[in-house]
Amino acid sequence: MKKNFIYNIFTKKNIKIYIIILAIFSFFINQYIANRGALPIDSFLIFDPAFNIISGHHPFKDYWLITGPFVDYIQSFFFIVFGINWTSYVLHASVLNMILAIFSFYFFLNIGLKNYYAFIYSLGVAILAYPSIGTPFIDHHAVILCIMAVFSISLGILLKKNFFWILVPIFLIFSFFSKQIPSPYFVVLFIVATFIYFFLIKNIYKNILINLFIGSFISCFIIFSVFFINEIPIKNFLIQYIYYPLSLGDERISGLNIDFKNLISQFKFIYITLIPLIIGTCFLIQIKEKKLNQKEELITSLLFLGSIGILIYCQLITKNQVLIFFLIPISAAYSHAYVSKYFNNKYLIYFILIIFIFTTVKYHIRFNENRKFIELVNADFSLAENAAQLDKRLSGLRWITPHYPNQPMNEINILIDTKNILSKIDAEKIIVTNYNFFNSLLNNQFASPNKWYDELSIPNKINKYYNVHKNFFLDKINKNKIKHIFFIGKKNETFFFQEMLKENECIVQKQLNELLLEFNISKCEF
């Protein structure tokens, strides 16, 4: 293990070159991939919420939110600095992809990899991490921040640098405020690892707990400041972000389907790249009189293996597209370091490199070129149109979606017609849509009372929080004197509004075009 590498890493010319190339590559590959098509519900997930924050409408207070607000607030910062447009939107994800790639490179160097190997594996991380979605996304933020927390605690143990211990709680807390999982599982893992560290290494730095406290204080201070300044009720936060989602989590865990395909087959390459690391860890465990560096390496390897288990479990219960294949280059790098250190077998290293290169190319084609994550596997990208035709603020995006894969121009024309219709309506209105950019394009100052309206985001009638949500929704309608509710989309998962329609005969429903539906509620009293 190379000790104190932190002091000279940036003074070596070839290291600087690697970092510059890696930074440029990791940034621009995400910019490029993000511009190739869109899945409205995912690709524009953060666009309007960030605009709402700039407009003075905040999560939990002004709209119902069951996912983390951290990504929304960070994106609002990017919008303020770089303008409300597609390029600054994608910039957010590209910057995080770049940070992860550089941090991975630094971590790989400090677990003993040579410069060029650390660089190659970091390129793999850059290719498979954020580009799979390309745009800011809560799941990617949450997972990436947890991985950087793993890097930080490992470097804190190996390098004994206070800075990394301070980073650990910062990454975990920001991950939690991106999405509820997987950070709580990592907290438990880190607590266990820290106790093992205290037990195995008697002569430890007593200021570790102080540094963890400092990191916790900094992150909590930032979070509480946002809540305090914007007068976000803690009760709303607890109901929307903690209590209600817990019931959904129970349903997902109870409905978890663990079979060979889900648990083994789809993650097989992660498992394969971990084999040398597992063998190396078993070797360390069997050593009776361990040296200090061996104890540290044992703890960090167990930490990493535990992290892989957590992320696979969380991937299974989310039931979304797989986003954790970027763990393959990280696992391969870790195994490579252990093979070099404890086995010195060049054929094992060749095997790891072959698996790494094969899987990186495989998943790059599947998720980046074919855009599987946003459901465009069968799309003909030559049909994609310039989204600037819809609005110049979407310039850079090549418009093609799963909704109109063969007629993207038709979809754009319908959305232009929708925008023109809505722009002529001066009355107070809210817009319900997966095309989550209409508030921004129309400068509509009335945030929809919900970020989403699917069956998970809104409590159903049998849920004990149904009336809490209903009262929250109607309060926003009345307070803002909303006269019109507009729905944009082919399939409106609007069971809540269908119930609202049945319960209120005063609502006048009108289909304005293929995608635009109006609820006129001007004569209603809720």
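See the structure printed just above.
Residues numbered from 1 in each chain as written. Predicted model: local features only at pLDDT ≥ 70, side-chain atom pairs only at ≥ 80, totals over all residues. Heavy atoms only, no water.

### Considering the environment of Ala388
- Structurally, Ala388 is set in the loop between strand 1 (385-386) and strand 2 (398-399).
- Ala388 sits in the partly exposed class, given a relative accessible area of 27%.
- It is 48 Å that separates the C-alpha atoms of Ala388 and Asn162, two residues lying 226 residues apart in sequence.
- Aside from chain neighbours lying at most four places away, what touches Ala388 is Leu394 and Ser395. (Helix = DSSP H or I, 4+ residues; strand = E, 2+ residues; numbered from the N terminus. Buried < 20%, exposed > 50% of the residue type's maximum accessible area, 1.4 Å probe, protein only. Contact = heavy atoms within 4.5 Å.)

### So, the nonpolar core
- In terms of nonpolar packing, the biggest core is built from 155 residues, with Phe108, Tyr121, Phe190, Phe326, Trp399 and Phe437 touching the most fellow members.
- Per element, the largest residue contribution to this core is 15 residues, and it comes from helix 7 (residues 138-159).
- Grouped together as the second largest cluster of nonpolar side chains are 18 residues, Phe473, Phe497, Leu517 and Ile521 included. (Core = buried A, V, L, I, M, F, W, Y, C linked by side-chain atoms within 4.5 Å.)

### Let's talk about the pairing of strand 3 (residues 429-433)
- Among the five residues in strand 3, five count as buried, and that is most of the element.
- Where strand 3 and strand 4 (residues 484-488) come together, five bridges link them in parallel fashion. Within the sheet, the bridge partner assigned to Thr433 lies in strand 4 and is Ile488. (Pairing = 2+ DSSP bridges.)

### Comments concerning helix 5 (residues 86-110)
- The terminal C-alpha atoms of helix 5, which comprises 25 residues, lie 37 Å apart, in line with the 36 Å expected from a rise of 1.5 Å per residue.
- Judged by how many residues are buried, helix 5 sits mostly within the fold: 20 of 25 residues are covered.
- The distance from a side-chain oxygen at the start of helix 5 to the backbone nitrogen of Thr87 is 3.2 Å, and the residue carrying that oxygen is Asn85.
- Positive phi shows up at Gly112, right after helix 5, with a value of about 110°. (Expected span 1.5 Å × (residues − 1). Polar contact = N/O pair within 3.5 Å; in protein donor to acceptor, adjacent residues only side chain to side chain.)

### Let's talk about the state of the cysteines
- What the rule picks out here adds up to one disulfide.
- Disulfide pairing is shown between Cys506 and Cys524; the S-S distance is 2.0 Å. Note on the Cys506 and Cys524 pair: the S-S dihedral is about 115°, so by sign convention the disulfide is right-handed. With Cys506 in the loop between helix 20 (495-503) and strand 5 (508-511) and Cys524 in the segment after strand 6 (516-520), the pair connects residues that are 18 residues apart, well separated along the chain.
- Given a relative accessible area of 26%, Cys506 falls into the partly exposed group.
- Classification of Cys524 as buried rests on a relative accessible area of 13%.
- Left without a disulfide partner, Cys220 is nearest to the cysteine sulfur of Cys146, which lies 15 Å away.
- Assessed through its relative accessible area of 29%, Cys220 is described here as partly exposed. (Disulfide = S-S within 2.5 Å.)

### So, empty space enclosed by the protein
- All told, the structure shown has four cavities of 30 Å³ or more when counted by the stated rule.
- Taken as a whole, the largest cavity encloses approximately 130 Å³ of empty space.
- As for the largest cavity, its lining consists of 13 residues, and the residues nearest its centre are Ile431, Asn436, Ser448, Asn450 and Lys451.
- Of all the secondary-structure elements, those providing two or more residues to the lining of the largest cavity are helix 3 (47-54) and strand 3.
- When the residues that make up the lining of the largest cavity are grouped by side-chain class, the tally is five nonpolar, six polar and two charged.
- When its volume is computed, the second largest cavity comes out at roughly 100 Å³.
- Per-element tally for the lining of the second largest cavity: the top contributor is helix 14 (residues 292-318), with four residues.
- A per-class count over the lining of the second largest cavity returns eight nonpolar, two polar and two charged. (1 Å grid on protein atoms, 1.4 Å probe; cavity = no way out; pocket = protein on both sides within 12 Å on 5 of 7 lines; lining within 4 Å. Points joined across faces, edges and corners; volume = space filled by probe spheres on them. Nonpolar A, V, L, I, M, F, W, Y, C, P; charged D, E, K, R; others polar.)

### Observations concerning the packing of aromatic side chains
- Scanning the entire structure with this criterion turns up 59 aromatic pairs.
- Between Phe487 and Phe519, the aromatic rings sit 4.8 Å apart at their centres with planes inclined by 75°, giving edge-to-face as the arrangement. One end of the pair, Phe487, is in strand 4; the other, Phe519, is in strand 6, and 32 residues separate them in sequence. When sorted by exposure, Phe487 lands in the same class as Phe519, which is buried.
- Over the ring of Phe381 we find Arg36; its NZ or CZ atom is 4.2 Å from the centre of that ring.
- The lysine or arginine in question, Lys362, covers the ring of Tyr363, its NZ or CZ lying 5.7 Å from the ring centre. (Phe/Tyr/Trp six-rings, centres within 6.5 Å; stacked < 30°, edge-to-face > 60°. Lys NZ or Arg CZ within 6 Å of the ring centre and 35° of its normal.)

### Observations regarding helix 7
- With 22 residues, helix 7 extends 31 Å from end C-alpha to end C-alpha; this agrees with the ideal 32 Å at 1.5 Å per step.
- Of all 22 residues that make up helix 7, 22 are buried, and the element is covered over most of its length.
- Lys160 sits one or two positions beyond helix 7 and adopts a positive phi of about 55°.

### Considering the pattern of salt bridges
- All told, the structure shown has seven salt bridges when counted by the stated rule.
- With a shortest N-O distance of 2.2 Å, Glu296 and Lys160 are connected by a salt bridge. Note that Glu296 is positioned in helix 14 and Lys160 in the loop between helix 7 and helix 8 (162-176), a separation of 136 residues in sequence. (Salt bridge = Lys/Arg side-chain N within 4 Å of Asp/Glu carboxyl O.)

Everything listed here is a matter of geometry and, on its own, says nothing about what the molecule does.
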